[in-house]
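# Report on the structure
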Protein chains: 2
Amino acid sequence: MSKYHHGDVRNVLLREAETILRKEGPGGLSLRRLARLTGVSEAAPYRHFDGKDGILAAVAIAALKRFGDRLEETAKLALPHEERIIALGAAYVEFAIEHPQHFRLIFGRERPPLDQYPDLRDAADSVFDILQRSVTNLDQRGDMTLADAANAYNRALAAWSRAHGIATLVIDGMISPPLDQPIQQFVFGLLAEDLGIPASLQNPKK
Amino acid sequence: MSKYHHGDVRNVLLREAETILRKEGPGGLSLRRLARLTGVSEAAPYRHFDGKDGILAAVAIAALKRFGDRLEETAKLALPHEERIIALGAAYVEFAIEHPQHFRLIFGRERPPLDQYPDLRDAADSVFDILQRSVTNLDQRGDMTLADAANAYNRALAAWSRAHGIATLVIDGMISPPLDQPIQQFVFGLLAEDLGIPASLQNPKK
DNA sequence: TGCGTATGTTAACATTATTAACATACATAA
DNA sequence: TTATGTATGTTAATAATGTTAACATACGCA
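Under the annotation held in an unreviewed UniProt entry, chain A carries the name TetR family transcriptional regulator and is attributed to Thalassospira mesophila.

Structure below.
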């Protein structure tokens with residue numbers, strides 16, 4: 001009977017880390033507790049991951065993958081372009097509300113440094129690519145001028161910022177979706193809110 | 001010659017905490033290091049603050065005060081209502097970029113729990129009040145219907161979300177203001193970006 | 001069979017937040 | 001002035017953390 005060598009420690013650690021993170025967030029994830037819960041020695045995780053950041057990076061990459069898949073699904077819906085932007089923003093916010101800790105891990109300050117984890121950077125870039133392509137609708141428009149492209153990029157950033165702001169404010173407890181209406185409706189309302197930007201300040205192009 | 005009793009430890013601690021936080025953020029602020037730098041014993045801070053969260057709360061309250069003052073200044077400018085909203089958003093984002101750690105402390109996950117520090121909650125509420133009053137322009141409109149009020153509240157939330165999203169994405173390194181144009185211009189561009197929300201999704205009122 | 005590498009382990013180190021137990025200065029009432 | 005209580009220090013202890021070093025075992029493969 002082997003005294004150790006569980007055979008699958010890496011995956012067990014990852015799954016356990018997932019459930020801890022879901023409850024307590026990146027800060028609450030302690031390597032030693034993780035090891036204890038996994039039933040493995042306190043130094044074992046270091047054989048499979050590059051320390052705490054390594055584990056967080058692995059979890060973040062998995063989360064980004066799921067996030068990206070979800071956004072892509074939404075982006076594929078047969079919708080008018082403007083409505084698709086709204087739907088994307090709603091999916092974005094819903095993900096944040098359903099998985100606040102993952103969302104924080106992906107975007108927040110405790111995210112492992114992108115330049116130390118290239119896979120993490122790639123995963124993050126890929127999600128932004130989905131957003132950008134969907135919002136600017138690059139696929140159907142090979143004939144854009146440079147100015148159009150800059151414009152499209154700005155529109156993507158603006159849409160992203162709006163969704164991101166709602167998501168962040170909600171999960172950080174600064175605003176609370178009203179209890180008497182479905183969250184979807186609340187998010188749609190905010191995303192579609194027309195701010196009445198004066199023409200004098202609007203982008204001169206278009 | 002007295003062996004201790006510096007006379008002003010609380011303020012010295014606060015100022016030292018400020019400079020540490022500015023460089024390293026809430027997570028990097030260690031009570032022991034703070035005490036060492038202040039030239040005081042490691043347990044001394046506990047005589048003046050309710051532990052680490054207490055210090056963070058005090059710093060956050062001061063930061064919120066400055067933040068609020070700045071927003072209020074902007075809100076007082078003689079501008080058309082819509083342009084004032086843009087200016088407020090810009091001031092909001094500029095504060096975040098100039099003081100990212102303070103901004104994080106105010107809004108992020110490491111903020112001490114609001115229900116344990118009523119003064120902190122009051123300070124935060126007061127800032128949101130400024131935003132809300134300015135965006136909805138409540139002062140000049142005593143004649144609003146209930147629906148109007150709800151609408152105004154939503155407009156405030158939407159404007160706030162947009163600015164908050166830009167601020168958060170920038171200080172978390174997800175987007176970078178272009179180097180070849182002033183930050184102000186970048187922020188204005190994003191805030192004023194017209195997303196082309198379809199009429200079918202716009203708020204039926206108005 | 002033997003050897004190298006991957007995967008475990010235990011033990012140690014440095015750091016952290018917090019609290020208890022004790023010491024000193026100061027303010028104020030007698 | 002003296003006495004006493006409170007505010008403000010200190011040192012020392014506890015419990016937890018990330019990380020690394022030194023050592024042990026299992027497995028894959030020549």
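Across its full length, chain A carries nine helices and zero strands. Going residue by residue from the N terminus, the α and β elements of chain A occur as α-α-α-α-α-α-α-α-α. Expressed as a percentage of its 206 residues, the buried residues of chain A come to 51%. Long-range pairs, those at least 24 residues apart, make up 68% of the contacts in chain A between residues at least 6 apart in sequence. Approximately 10500 Å² of chain A is accessible, and the part contributed by carbon and sulfur atoms is 52%.

Tracing the sequence through the fold places Leu114 of chain A in the loop between helix H6 (100-107) and helix H7 (118-136). Setting aside anything within four residues of it in sequence, one finds Leu114 of chain A in contact with Leu120 and Arg121 of chain A.

On to the packing of helix H5 (residues 81-98) of chain A against H6 of chain A, then. When two helices pack together, their arrangement is given by the angle between the helix axes and the distance between those axes. All names here are of chain A. Across the interface, H5 lies against H6 with an axial gap of 5 Å and an inter-helix angle of 110°. Judged by the inter-axis angle, H5 sits roughly perpendicular to H6. For the pair H5 and H6, the contacting residues are Tyr92, Phe95, Ala96, Ile97 and Glu98 in the first and Pro100, Phe103, Ile106 and Phe107 in the second. Counted by class, the contact of H5 with H6 contains eight nonpolar, no polar and one charged residues.

Judged by side-chain charge, Asp119, Asp122, Asp125 and Asp129 of chain A come together as a negatively charged surface patch. Inspection of the secondary structure puts Asp122 of chain A in helix H7.

This part covers the pattern of salt bridges. Scanning all chains against the criterion turns up 24 salt bridges over all chains. Two residues, Glu110 of chain B and Arg109 of chain A, come together in a salt bridge whose shortest N-O distance is 2.1 Å. Taken as a pair, Glu110 of chain B in the loop between helix H6 (100-107) and helix H7 (118-136) and Arg109 of chain A in the loop between H6 and H7 lie in two separate chains rather than in one. In this structure Arg109 of chain A comes out as partly exposed when scored by relative accessible area, which is 32%.

The UniProt record marks residues 30-49 of chain A with the feature "DNA-binding region" (unreviewed entry), using the residue numbering of this structure. Helix makes up 60% of residues 30-49 of chain A and strand 0%, whereas the separation of the span's terminal C-alpha atoms amounts to 14 Å.

A few words on the confidence of the model for chain A. When pLDDT is averaged across chain A, the result is 88; 88% of the residues are at 70 or more. In the model, residues 198-206 of chain A has pLDDT below 50 throughout and makes 15 contacts with residues more than four positions away in sequence or in other chains.

Residues and elements named next belong to chain A. An ideal rise of 1.5 Å per residue puts 27 Å on 19 residues; H7 measures up with 26 Å between its terminal C-alpha atoms. Along H7, the positions that sit buried rather than exposed are Leu120, Ala123, Ala124, Val127, Phe128, Ile130, Leu131, Gln132, Ser134, Val135 and Thr136. Where H7 is buried, its residues touch helix H4 (51-76), H5 and helix H8 (146-171).

Residue and element names in this part refer to chain B. Relative to the helices and strands, Leu191 resides in helix H9 (residues 183-191). Judged by its relative accessible area of 5%, Leu191 falls in the buried class. Measuring from C-alpha to C-alpha, the distance between Leu191 and Ala159 comes to 8.5 Å, with 32 residues separating the pair along the chain.

The rules behind the values
- Residues numbered from 1 in each chain as written.
- Chains lettered and ligands numbered in written order.
- Predicted model: local features only at pLDDT ≥ 70, side-chain atom pairs only at ≥ 80, totals over all residues.
- Heavy atoms only, no water.
- Helix = DSSP H or I, 4+ residues; strand = E, 2+ residues; numbered from the N terminus.
- Buried < 20%, exposed > 50% of the residue type's maximum accessible area, 1.4 Å probe, protein only.
- Contact = heavy atoms within 4.5 Å.
- Areas by Shrake-Rupley, 256 points an atom, 1.4 Å probe, with all protein chains shown as cover.
- Axes fitted to C-alpha atoms, helices over the stretch in contact; angles between N-to-C directions.
- Parallel < 35°, antiparallel > 145°, perpendicular 65-115°, else oblique.
- Nonpolar A, V, L, I, M, F, W, Y, C, P; charged D, E, K, R; others polar.
- Patch = residues over 30% accessible without salt bridge, like charges linked within 9 Å, V, L, I, M, F, W, Y side chains within 5 Å.
- Salt bridge = Lys/Arg side-chain N within 4 Å of Asp/Glu carboxyl O.
- Lys, Arg positive; Asp, Glu negative; His and termini not counted.
- Charge placed at Lys NZ, Arg CZ, Asp CG, Glu CD.
- UniProt positions renumbered as here; feature names shortened; annotations may be inferred.
- pLDDT = per-residue confidence, 0-100.
- Expected span 1.5 Å × (residues − 1).

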